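Observations on the three-dimensional arrangement
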Amino acid sequence: MLEDKNQERTSLEKLGEFGLIDHLTKNFEIKQKSTFKSIGDDAAVFDHKEKTVLTTDLLIEGVHFDLSYMPLKHLGYKAVMVNLSDVYAMNATATQITVSLAVSNRFPLEALEELYAGIALAAKVFNVDLIGGDTTSSTSGMLISITAIGEAKEEEITYRDGAKPNDLLVVSGDLGAAYMGLQVLDREKEVFKVNPNNQPDLSPYSYIVERQLKPEARKDIVQLLKDLEVQPTAMIDISDGLSSEILHLCKNSKVGCNLFEEKIPLDPTVISACEEFNVDSTMVALSGGEDYELLFTISQNDFDKIKGNPSLTVIGHMTDESEGAHLVTRGNTKIELTAQGWNSFNSDN
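Residues numbered from 1 in each chain as written. Predicted model: local features only at pLDDT ≥ 70, side-chain atom pairs only at ≥ 80, totals over all residues. Heavy atoms only, no water.

This paragraph deals with the sheet that holds strand S3 (residues 51-60). Spatially, 4 strands are ordered S3-S6-S4-S5 in an open sheet, and the strand pairing comes out mixed. Strand pairing shows two members of the sheet lacking a second neighbour, S3 and strand S5 (129-137), which therefore form its edges. Taking each pair of neighbouring strands and ignoring which way they run, the sheet shows an average axis angle of 15 degrees. Pairing of strand S4 (residues 93-103) with S5, which is carried by 8 bridges, proceeds in the parallel orientation. Across the sheet, threonine 98 pairs through a bridge with glycine 132, a residue of S5. Packing of helix H3 (residues 109-125) onto the sheet brings it into contact with S4, S5 and strand S6 (143-152), and relative to S4 it is tilted by some 170 degrees. (Pairing = 2+ DSSP bridges. Helix = DSSP H or I, 4+ residues; strand = E, 2+ residues; numbered from the N terminus. Axes fitted to C-alpha atoms, helices over the stretch in contact; angles between N-to-C directions. Contact = heavy atoms within 4.5 Å.)

With respect to the helices, strands and loops of the structure, glutamate 155 is situated in the loop between S6 and strand S7 (168-172). Sequence-wise, glutamate 155 and lysine 51 are 104 residues apart; in three dimensions their C-alpha atoms are separated by 9.6 Å.

Under the counting rule described, the total for this entry stands at 1 aromatic pair. If you follow lysine 214 out to its NZ or CZ, it ends over the ring of tyrosine 77, 4.2 Å from the centre. (Phe/Tyr/Trp six-rings, centres within 6.5 Å; stacked < 30°, edge-to-face > 60°. Lys NZ or Arg CZ within 6 Å of the ring centre and 35° of its normal.)

Looking now at the pattern of salt bridges. Throughout the structure, instances matching the rule amount to 17 salt bridges. The partner of glutamate 61 in a salt bridge is arginine 106, and the shortest N-O contact between them spans 2.4 Å. On the criterion of sequence distance, the pair formed by glutamate 61 in the loop between S3 and helix H2 (72-88) and arginine 106 in the loop between S4 and H3 is long-range, its members being 45 residues apart. Exposure remark for arginine 106: the relative accessible area of 41% places this residue in the partly exposed category. Between arginine 211 and glutamate 293 there is a salt bridge; the shortest N-O distance is 3.0 Å. Here arginine 211 is found in helix H5 (residues 206-213), whereas its partner glutamate 293 is found in the loop between helix H9 (281-287) and strand S10 (294-298), with 82 residues between them in sequence. Across this residue pair, the class does not change: arginine 211 and glutamate 293 are buried. Several salt bridges share partner residues, and in doing so they unite Asp174, Arg211, Arg218, Asp220, Asp291 and Glu293 into one network. (Salt bridge = Lys/Arg side-chain N within 4 Å of Asp/Glu carboxyl O. Buried < 20%, exposed > 50% of the residue type's maximum accessible area, 1.4 Å probe, protein only.)

See the structure below:
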């Protein structure tokens, strides 16, 4: 967490806007056949044979990320993941991204090179092309806006409004790790403020810290469902907490839901961290957010296709809208689900 004060610093003014873009993007390779024209003209051109999906997110320093413990390379990678996750939540394939950046004069060229190294790694691993963007100055830290573009066959695109009563509610991976990783990082930041010579030992928390700093969008789940010949009826990614996302599906599909507490997948490191911080693991899964797992519904007829798959967990089922959305506790008590996930407009964040 200590910053090296002797790092070489190159002022951004030396390059200018277009020189900066050229410098930061010179090593990006074009891999997608659908990318017809990328960086270097007034607009990019791409040619999708199927339906095009598009999503965008804005990340703001001090609101969405804290550079006191978020390495810039990790930030670049995570910023791409946030957007690709939304593409995969449409049951689509991500193909291109654009990156726009606003930075204050406290950031030298070397810092932006680190950021773009993370973006480049994400683009390489997930096979997407960087095809454009913008850079400008900021009076208050760093702002990152990424747009992700993807494609899918019309009949395979999955919206939030297709769930039916009796559909099974399924989630990929495990939940709550990113939130608990954030708690660890925030705690160590406060310790560091008191004693800057203290270097934290994060090794016992490596899984949950990585889930916070370097999440992985679930491209593999989209391919898995295709391989299993399972067409989700509705889908969303978990960015704001499980309860919020379930309620989005319920609202859009006009259905209710029973979520079973005992079925919520939790990694053992999340459970132990919750005990250490004296927080309830179920509430962390419901409200923590930033897991970037996929939450979706399937017909009961497809249950045998996913049964026993280690990447997928059936956590509940959809009901008639009149029944509402509930958490069924381990004690078999029904509690109404409420959206308590992360809200960027909440002054308490």
